[in-house]
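Structural overview
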Amino acid sequence: MEFSLNVMDMVFIVGSLGIVVAVGMWVARKKRESSSDYFLASRKLSWWLIGTSVVATSVSSEQIVGTVGAGYKYGMGIANWEWFSLLTYTLVIVFFVPVYVVNRITTVSEFYLKRFGPLCSNIYSWVMLVAYVFVFMVPVLYGGSLALSKLTGFNFYAILWLTVVLVGMYTIKGGLRSVMWTDLLQCAFLVGGGLVLFLIALSYIPGGWSAMVKASPDRFHLYRPPGDKMAPFLGMICLALGVGVFYQATNQVMIQRIFGAKSTRDGMLGMIFAGFINFVRPCVTVFLGFIVYHWIYKMGRAAPLSNLDETFPFALTTFAPAWGLRGIVLAGFLAAIMSTISSLVNSIATIFALDVYKKFRPQASEHTIIRSGQIVAGLAIIIAALVAPIVERFGGIFQYFQTGVTYIGTPFASIYLMGLFWKRTNYAGAIGGLATGFISTVVILTGLKITGVYLHWAYVGFSVQILTMLGSVVFSLMTAPPPESQWKPFLWRPSMLRQYSDGEKIPWYKTITFWYFMYAAIWFYIYWRFW
């Protein structure tokens, strides 16, 4: 069966694109008078905008293709990549949001500057600027454009540059506010379209979900042993404490929504809302692979797939009816690309303008600061588009992305945790810890390659985290302690949690505690049910 798009499909795709761009430009129509307005949406973001934006940004095009294929081959264990967020979200809600919001932090670099010193801040700024362009943005542009090109038959470069132009139009002009409102729409397209496809595809299986479980009971378990190569449960815990902390709490792309929250409560509740949305995310990604597996191996309706990345196109071709569902799903797929790219572009503008340009020109006007960020953001997305086609030479999307992101983030997250919980951590401890972390990464990876020993990247990252923290302790104790003014405002204290309502009296059913325990209860039930 060949994949094709009809008129209705094209209407949905073009219509969704038009709506997103129109909303983005409408929000961007107002002139941004201050850097706070442009980069942080005047710190007026509500929890529901924060939650949908977190989800839309964290789901990228290559992730959809990859997790559907992995679910087809490995089963329920892959759903851990979508569901295993309670631990990381709890850390963000309890420890990071109060410190960020109470201290009115603008960028992660600002935290490193105030807590440790300028060199630590500069290292983070420049590493992230380079990483966001070449490690984060490039594979998303490449993977998304390539997948859409293969699915639709449209020219790869046409899709690539159309994405660049459309995202650049509203993101560079409107700043974070445009990103947040378009993310709201894109989250709806992504989750809505994927959920409809899953339910329709499931209707093709006689007996539905229970039939798949009965036919392959061993594939429906979330727990995977420590030696599992895809999703070891112990490895997931290690990731939540290391790379997960970096991605959700010390990654400007994700945490900028919290910086823009209008209150501590909105920042916390936004993360909880994202957690609720995440409960249905496997339906958009992983579970579609289960259906394809059952269709092929248990019902014998097609030949086994030669490439896991063919799973998503196969499902779309086989199960999507001709009344426009393919267009709806592809609109959600395109939304995943655009939301991730727009967030990266906005974060690049923020870091450069506030952490690089403003340091060189502290007397620059607000207009000039905003303009500097816009110019660099435009250059960044153009450079990423020019580099994107060569990703394949580096071993493909997955290898390119994982080898970059995994080992960049762990040292930064480790040093942040040290500064958050140990007042003795000083300037030398931060720099020494970072150096220890990056050197340890190179040594461990080189050693594994030479010896031919396989170690899951989650365990490599956790080992680097331990070594980074130990290095920070050693360097801190060898030098003078930091002054109280440097550590006291940023040292986490339980009393910070009492500030989440900003003094406002609210009914019990609107409290953070109530909704957090609801979220946690559902999470524990899911893991009990599919353990």
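Our subject in this report is the structure included herewith.

What counts and how
- Residues numbered from 1 in each chain as written.
- Predicted model: local features only at pLDDT ≥ 70, side-chain atom pairs only at ≥ 80, totals over all residues.
- Heavy atoms only, no water.
- Helix = DSSP H or I, 4+ residues; strand = E, 2+ residues; numbered from the N terminus.
- Buried < 20%, exposed > 50% of the residue type's maximum accessible area, 1.4 Å probe, protein only.
- Lys, Arg positive; Asp, Glu negative; His and termini not counted.
- Charge placed at Lys NZ, Arg CZ, Asp CG, Glu CD.
- Phe/Tyr/Trp six-rings, centres within 6.5 Å; stacked < 30°, edge-to-face > 60°.
- Lys NZ or Arg CZ within 6 Å of the ring centre and 35° of its normal.
- Axes fitted to C-alpha atoms, helices over the stretch in contact; angles between N-to-C directions.
- Parallel < 35°, antiparallel > 145°, perpendicular 65-115°, else oblique.
- Left-handed = near helix turned anticlockwise from the far one by under 90°.
- Contact = heavy atoms within 4.5 Å.
- Nonpolar A, V, L, I, M, F, W, Y, C, P; charged D, E, K, R; others polar.
- Salt bridge = Lys/Arg side-chain N within 4 Å of Asp/Glu carboxyl O.
- Expected span 1.5 Å × (residues − 1).
- Polar contact = N/O pair within 3.5 Å; in protein donor to acceptor, adjacent residues only side chain to side chain.
- Core = buried A, V, L, I, M, F, W, Y, C linked by side-chain atoms within 4.5 Å.
- Patch = residues over 30% accessible without salt bridge, like charges linked within 9 Å, V, L, I, M, F, W, Y side chains within 5 Å.
- Areas by Shrake-Rupley, 256 points an atom, 1.4 Å probe, with all protein chains shown as cover.
- Arc of directions from axis to C-beta.

**What to know about the overall build of the chain**
When helices and strands are tallied, the chain shows 25 helices and zero strands. Projected onto its principal axes, the C-alpha coordinates of the chain cover approximately 70 × 55 × 50 Å. The buried share of the chain, taken over its 531 residues, is 61%. When the 38 positive and 19 negative side-chain charges of the chain are each reduced to one mean point, those points stand 5 Å apart.

**Quick word on the packing of aromatic side chains**
The final tally for this structure, using the stated rule, is 53 aromatic pairs. Seen from their ring centres, phenylalanine 276 and tryptophan 515 are 6.1 Å apart, and the 80° between their planes marks the pair as edge-to-face. A residue pair is termed long-range when its members are at least 10 positions apart, and phenylalanine 276 in helix α15 (residues 264-278) and tryptophan 515 in helix α25 (residues 512-529) qualify at 239 residues. You can call phenylalanine 276 partly exposed: its relative accessible area is 23%. Looking at tryptophan 515, the relative accessible area reads 32%, which means it is partly exposed. Members of the aromatic cluster, joined through ring pairs, are Phe96, Tyr100, Phe111, Tyr112, Phe116, Tyr124, Phe259, Phe412, Tyr416, Phe438 and Phe490. Directly above the ring of tyrosine 293 sits arginine 219, whose terminal nitrogen or CZ lies 3.6 Å from the centroid.

**Describing the packing of helix α1 (residues 7-28) against helix α9 (residues 156-174)**
Where α1 meets α9, the closest approach of the two axes is 8 Å, and the angle between their N-to-C directions is 20°. If you check the angle between α1 and α9, you find them roughly parallel. Once α1 is placed against α9, the crossing between them reads as left-handed. In this structure, α1 contributes Leu17, Val20, Val21, Gly24, Met25 and Ala28 to the contact, and α9 contributes Leu166, Met169, Tyr170, Lys173 and Gly174. For the contact of α1 with α9, the residue count by class is eight nonpolar, two polar and one charged.

**Regarding the pattern of salt bridges**
Summed over all chains, the structure comprises three salt bridges. A salt bridge links glutamate 82 to arginine 281; the nearest nitrogen and oxygen atoms lie 2.7 Å apart. Linking glutamate 82 in helix α5 (residues 80-83) with arginine 281 in helix α16 (residues 281-284), this pair joins segments that are 199 residues apart in sequence. Look at glutamate 82 and you get buried, because its relative accessible area is 2%. A salt bridge links lysine 488 to glutamate 484, with the shortest nitrogen-to-oxygen separation between them at 3.9 Å. Overall, the relative accessible area of 44% leaves lysine 488 in the partly exposed class.

**Thoughts on the packing of α9 against helix α20 (residues 366-387)**
In the contact formed by α9 and α20, the axes pass within 11 Å of each other and the chain directions differ by 165°. Looking at the two axes, α9 sits roughly antiparallel to α20. As α9 packs across α20, the resulting crossing turns out to be right-handed. On α20, the residues that touch Leu160, Trp161, Val164, Val167, Ile172 and Lys173 of α9 are Gln374, Ala377, Gly378, Ile381, Ile382, Ala385 and Leu386. A class-by-class count of the residues in the contact of α9 with α20 yields 10 nonpolar, two polar and one charged.

**Structural notes on helix α22 (residues 427-451)**
Here α22 is 25 residues long and its end C-alpha atoms lie 36 Å apart, about the 36 Å a rise of 1.5 Å per residue gives. Buried within α22 we find Gly429, Ala430, Gly432, Gly433, Leu434, Gly437, Ser440, Thr441 and Leu448. At the N-terminal boundary of α22, the capping side chain belongs to asparagine 426, with an oxygen 3.3 Å from the backbone nitrogen of alanine 428. Looking one or two places after α22, you find glycine 452, whose phi comes out positive at around 75°.

**Description of unusual backbone geometry**
If you check the backbone angles, arginine 104 has positive phi at about 50° while not being a glycine. Take arginine 104: it is sitting in the loop between α6 (86-102) and α7 (108-115).

**So, the nonpolar core**
Generally speaking, nonpolar side chains in soluble globular proteins are found buried as a group. Of all hydrophobic cores here, the largest spans 176 residues; its most connected members are Met76, Trp83, Phe96, Tyr112, Trp209, Phe287 and Phe312. Per element, the largest residue contribution to this core is 19 residues, and it comes from helix α19 (residues 325-360). Dropping the residues within four chain positions of it, tryptophan 83 is found in contact with Met76, Leu222, Asn278, Phe279, Pro282, Phe287, Trp523, Ile526, Tyr527 and Phe530.

**Some remarks on a nonpolar patch on the surface**
Judged by side-chain polarity, Val130, Phe134, Ile375, Leu379 and Ile383 come together as a nonpolar surface patch covering roughly 430 Å² of accessible area. Secondary-structure elements contributing two or more residues to the nonpolar patch are α8 (118-152) and α20. By the secondary structure assignment, isoleucine 383 is in helix α20.

**Some details on helix α11 (residues 208-215)**
The set of residues buried in α11 consists of Gly208, Trp209, Ala211 and Met212. For α11, the buried positions fall inside an angular range of 160° around the axis, keeping them on one side. Structural note: α11 exposes Ser210 and Lys214 on the side pointing more than 90 degrees away from its buried face. Lining the buried residues of α11 we find α10 (176-202) and α17 (286-298).

**Here's the deal with the environment of serine 16**
Relative to the helices and strands, serine 16 is located in helix α1. A relative accessible area of 8% places serine 16 in the buried class. Not counting chain neighbours up to four residues away, the residues in contact with serine 16 comprise Phe189 and Ala331. Separated by 2.8 Å, the side chain of serine 16 and the backbone oxygen of isoleucine 13 make a polar contact.

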